[in-house]
Amino acid sequence: MASNPVPPDAGARPSPGMILERLARGATRAARITHTEHLPPRIGSHADWPEQIRPEVIDAIRSAGIDRPWAHQARTSEHALRGESVVVATGTASGKSLAYLAPVLSTLLDGSEAPNGRGATALYLAPTKALAADQRRAVRELAAPLATAVRPAVYDGDTPVEEREWVRQYGNYVLTNPDMLHRGILPAHPRWSSFLRALRYVVIDECHSYRGVFGSHVAQVIRRLRRVCARYGSEPVFLLASATAAKPAEAATRLTGLPVVEITEDTSPRGELVFALWEPPLTELHGEQGAPVRRTATAETADLLTDLAVQGVRTVAFVRSRRGAELIALIAQERLAEVDRSLPGRVAAYRGGYLPEERRALERALHNGDLLGLAATTALELGVDVSGLDAVVIAGYPGTRASLWQQAGRAGRSGQGALAVLVARDDPLDTYLVHHPEALFDQPVESTVLDPDNPYVLAPHLCAAASELPLTEADFALFGPAAAGLMPQLEAANLLRRRARAWHWTRRERAADLTDIRGQGGSPVQVVEEGTGRLLGTVDAAAAHTAVHDGAVHLHQGRTYVVRHLDLADSVALVEEAHPPYSTTARDTTAIAVLETDTEIPWGDGRLCFGSVEVTNQVVSFLRRKLITGEVLGETKLDLPPRTLRTRAVWWTVTEDQLDAARVNPEQLGGALHAAEHASIGMLPLFATCDRWDIGGVSVPLHPDTLLPTVFVYDGHPGGAGFAERAFHTAADWLTATRDAIAACECEAGCPSCIQSPKCGNGNDPLHKRGAIRLLGELLRGVPEQA
């Protein structure tokens, strides 16, 4: 229940510590806080703008209420003006946008006075359309005093056809996304020739979001952009920004293929941040194999949002799914109505799928205090400037420390103190983190993992590049060491044809359509409303078996549908709107074969290996789970064909002697390996920028290729995504954390907080918790010193 009402917005804002103290009132509430971290306030440090920044730009910045820049803003501008690519990796609300906008606007103003031609241009890349639209508004406001010298324009899939020609001809600060650059701009580069010829800067915002397969694709799109620019005689400087990036220069260099200077010292002021870790209590319910079940993070977050609204504390509650956002808002509204009938209207949901004007209205309402709380998806995480918040509640670890700090940074953006609360899900990683706070607060954010040389990524971009301009051997240095070896394969597949000294694209279809840079290959499955024939959207081919199988609950723009039939031949999923009181989770079986072992390290008698594998996967059933409790209501069998995936994996083996030393007998072996596999998959996101749904695993008491008990963890993307490679290089720390997480869990025989997996194809059976702890302990005793 909510605490005693405090009149919203009455008097001075309470301190973050006082807000947390009110939330924790009562014996059962206080016991849920496992750790509280206090980050002290920080005083800012100013500097002067570089002399090359035009006085008109400085005047415009002053008109926006900023007299002098922070020192990191000035340093970023200096590098940009010297023609050096630079990444600014400072905290949320530290003014990164102004750091790159000052030199960009000054250069555009210089260009507007050129006697001939259109003058200088700049390109801005955002991972989402919403962020690009927000940035256009910010640039328009800032550049308003500069009259027509700065002409910002969005060019994406939503740009009306009649506006696109104006953008190409007259826009000098074009805001787009990597998808549109890949499909729309680069294939049509002759129509963009005057813009590309004058391109001086490319801004890549939220650059930490370009990771895994998506980041690998974007890295190749950027190389294609650099190649086309060189054709028109330009060599743009790259300006990158991220609030959360580890080794930012290294990551930016891998993304752009260029040397990049990093600015990491944050000289902006910051208010106090109190960060609490919160673990929901165990319930009387029991899940698979009779395991105890914790109260869901969704229900716990709804309670906290209710209490914060009652206190008059402006709050955003982050949740991973659209349905979860709507559900938390609905529960909070119902509970607020019991306290004060005026309060339910001051809490709402915020997610992707809303119209832009609806999102702007919610942001304004939260900013001015009309709204006290939002239950939001990550649509509010990246770059959207919502200042004035007092608290953030995060429903479940978002997958990376980078996202965690992005979300926590939404509060306190006006310099006031802020509260952040991470509510743990019933999950191995969440459970580990709330009991090992040092893993969050004493560690840097993750290194950005991407692999531009992945042949499944590189091959279609070589084809796209050849269709833009014939490829020559001189281009191989730009596209990476794997490019030359792929050319004979592309010729044999009749995708490219060599004429004289260059390779040409000779097909009628567009080469850019060979790959969806956010997908995984194959024709996407169209999701169609059965009664009306209306196309609702698409699902990546690789995800279709698990996301839109017969009977699956499918969410689209806040509405819930049930899949009536998945037609694989025509790549169509027929759905109808419904309101089932459950969600669905696909179950699958997996077999794995070793194709090639790249690296092998002895761990005592055991082995740690990394290489290429072929995974055969088949979705065999799905579970129905209650929305609030997660309780399993039933299982339904499915008849879907198997699918194969060639990818990269890390695996480890143990010997009979090690099993004897670990006191793991043959009856326990399958369960011990299975438990270790589940827990290690759950823990890997702590060491690689991935989600547990990006990776898979297999454990076998006697694998035919290794002839030993073996546990595999593999990338769930063709050709690999870099996650398994990262696991291999951090294996000692990763598997130590896995063992500690299992051992620390208070359950007796295993539960979702330690060794049970929400996507296990075998119904989490067999599992042996104690055997997994002993087995991992014995394996880790053999770790070589250099590991």
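Up top you'll find the structure we're talking about.
Conventions used here
Residues numbered from 1 in each chain as written. Predicted model: local features only at pLDDT ≥ 70, side-chain atom pairs only at ≥ 80, totals over all residues. Heavy atoms only, no water. Axes fitted to C-alpha atoms, helices over the stretch in contact; angles between N-to-C directions. Helix = DSSP H or I, 4+ residues; strand = E, 2+ residues; numbered from the N terminus. Parallel < 35°, antiparallel > 145°, perpendicular 65-115°, else oblique. Contact = heavy atoms within 4.5 Å. Nonpolar A, V, L, I, M, F, W, Y, C, P; charged D, E, K, R; others polar. Patch = residues over 30% accessible without salt bridge, like charges linked within 9 Å, V, L, I, M, F, W, Y side chains within 5 Å. Areas by Shrake-Rupley, 256 points an atom, 1.4 Å probe, with all protein chains shown as cover. Salt bridge = Lys/Arg side-chain N within 4 Å of Asp/Glu carboxyl O. Lys, Arg positive; Asp, Glu negative; His and termini not counted. Charge placed at Lys NZ, Arg CZ, Asp CG, Glu CD. Buried < 20%, exposed > 50% of the residue type's maximum accessible area, 1.4 Å probe, protein only. Left-handed = near helix turned anticlockwise from the far one by under 90°. Pairing = 2+ DSSP bridges. Phe/Tyr/Trp six-rings, centres within 6.5 Å; stacked < 30°, edge-to-face > 60°. 1 Å grid on protein atoms, 1.4 Å probe; cavity = no way out; pocket = protein on both sides within 12 Å on 5 of 7 lines; lining within 4 Å. Points joined across faces, edges and corners; volume = space filled by probe spheres on them.

Caption draft 1: The arrangement of the packing of helix H10 (residues 212-231) against helix H11 (residues 248-256) in detail. Their axes nearest at 7 Å, the elements H10 and H11 cross at an angle of 60°. Here H10 is positioned oblique relative to H11, judged by the angle of their axes. Across the interface between the two elements, Gly215, Val218, Ala219, Ile222, Arg223 and Arg226 from H10 touch Thr253, Arg254, Leu255 and Thr256 from H11. Partitioning the contact of H10 with H11 into residue classes produces four nonpolar, three polar and three charged.

Caption draft 2: The arrangement of a negative patch on the surface in detail. The grouping of Asp605, Glu656, Asp657 and Asp660 at the surface amounts to a negative patch. In this fold, Asp605 is placed in the loop between strand S24 (582-603) and strand S25 (606-626). You can call Asp605 partly exposed: its relative accessible area is 47%.

Caption draft 3: Quick look at the side chain of Asp156. Considering the arrangement of structural elements, one finds Asp156 in the loop between strand S4 (152-154) and helix H7 (161-170). Summary of buried charges: Asp156 has no salt-bridge partner, and the nearest side chain of opposite charge, Lys129, is 5.2 Å away. Filtering out sequence-adjacent residues up to four positions away, Asp156 remains in contact with Lys129, Arg164, Asn177 and Met180.

Caption draft 4: Helix H15 (residues 401-408), seen in detail. Burial runs high along H15: eight of the eight residues are buried. Every buried residue of H15 is accounted for by Arg401, Ala402, Ser403, Leu404, Trp405, Gln406, Gln407 and Ala408. Looking at the packing, one finds that the buried side of H15 touches strand S1 (33-39), strand S9 (273-278), strand S12 (315-318), strand S15 (391-395), strand S16 (418-423) and helix H17 (438-441).

Caption draft 5: Up close: the packing of helix H3 (residues 55-63) against helix H5 (residues 96-112). Between H3 and H5, whose axes approach to 9 Å, the crossing angle comes to 140°. As far as their axial angle goes, H5 and H3 are oblique. Of the two elements, H3 crosses H5, and the hand of that crossing is right-handed. Contacts between H3 and H5 involve Glu56, Val57 and Ile61 from the first element and Leu98, Ala102, Leu105, Ser106 and Leu109 from the second.

Caption draft 6: Looking closely at the sheet that holds strand S7 (residues 237-241). With parallel pairing, seven strands are arranged side by side in an open sheet as S4-S5-S3-S6-S7-S2-S8. The outermost strands of the open sheet, each flanked by one partner alone, are S4 and strand S8 (261-263). Averaged over neighbouring strand pairs, the angle between their axes works out to 20° when direction is ignored. Where strand S3 (residues 121-125) and strand S5 (residues 173-176) come together, four bridges link them in parallel fashion. Among the inter-strand pairings, Leu123 is bridged to a residue of S5, identified as Val174. Relative to the sheet, H5 contacts strand S2 (86-88), S3, S5, strand S6 (199-204) and S7, its axis offset from that of S6 by approximately 165°.

Caption draft 7: Layout of the packing of aromatic side chains. All chains considered together, the criterion is met by eleven aromatic pairs. A centroid spacing of 5.5 Å and a plane angle of 75° characterise the contact between Phe275 and Trp405, whose relative ring orientation is edge-to-face. Of this pair, Phe275 sits in strand S9 while Trp405 sits in helix H15, and the two are 130 residues apart along the sequence. Relative to Trp503, the ring of Phe476 lies with its centre 5.6 Å away and its plane at 40°, an arrangement referred to as tilted. One end of the pair, Phe476, is in helix H19 (residues 476-479); the other, Trp503, is in strand S18 (residues 502-505), with 27 residues separating them in the sequence.

Caption draft 8: Structural detail: the environment of Gln169. Mapped onto the fold, Gln169 is located in helix H7. With 437 residues separating them in the primary sequence, Gln169 and Gly606 have C-alpha atoms 63 Å apart.

Caption draft 9: Structural context of the pairing of strand S20 (residues 535-539). Where strand S19 (residues 525-529) meets S20, four bridges bridge the pair, whose relative direction is antiparallel. Within the sheet, the bridge partner assigned to Gln526 lies in S20 and is Thr538. With antiparallel pairing between neighbouring strands as the criterion, S19 and S20 make up a hairpin whose turn holds five residues, including Gly533 at a positive phi of roughly 75°.

Caption draft 10: Representation of unusual backbone geometry in the model. Even without being glycine, Asn494 reaches a positive phi, approximately 60°. Inspection of the secondary structure puts Asn494 in the loop between helix H20 (483-492) and strand S17 (496-499). Exposure remark for Asn494: the relative accessible area of 54% places this residue in the exposed category. For Ala500, which is not a glycine, the phi torsion comes out positive at approximately 55°. By secondary structure assignment, the location of Ala500 is in the loop between S17 and S18. Exposure remark for Ala500: the relative accessible area of 75% places this residue in the exposed category.

Caption draft 11: Here's a closer look at empty space enclosed by the protein. Tallying each qualifying case throughout the model produces two cavities of 30 Å³ or more. What the largest cavity holds in volume is close to 70 Å³. Lining the largest cavity we find Cys207, His208, Tyr210, Leu240, Ala245, Pro248, Ala251, Ala252, Leu255, Thr448 and Leu450. The element best represented in the lining of the largest cavity is H11, accounting for four residues. Taken together, the residues of the lining of the largest cavity sort by class into nine nonpolar, two polar and no charged.

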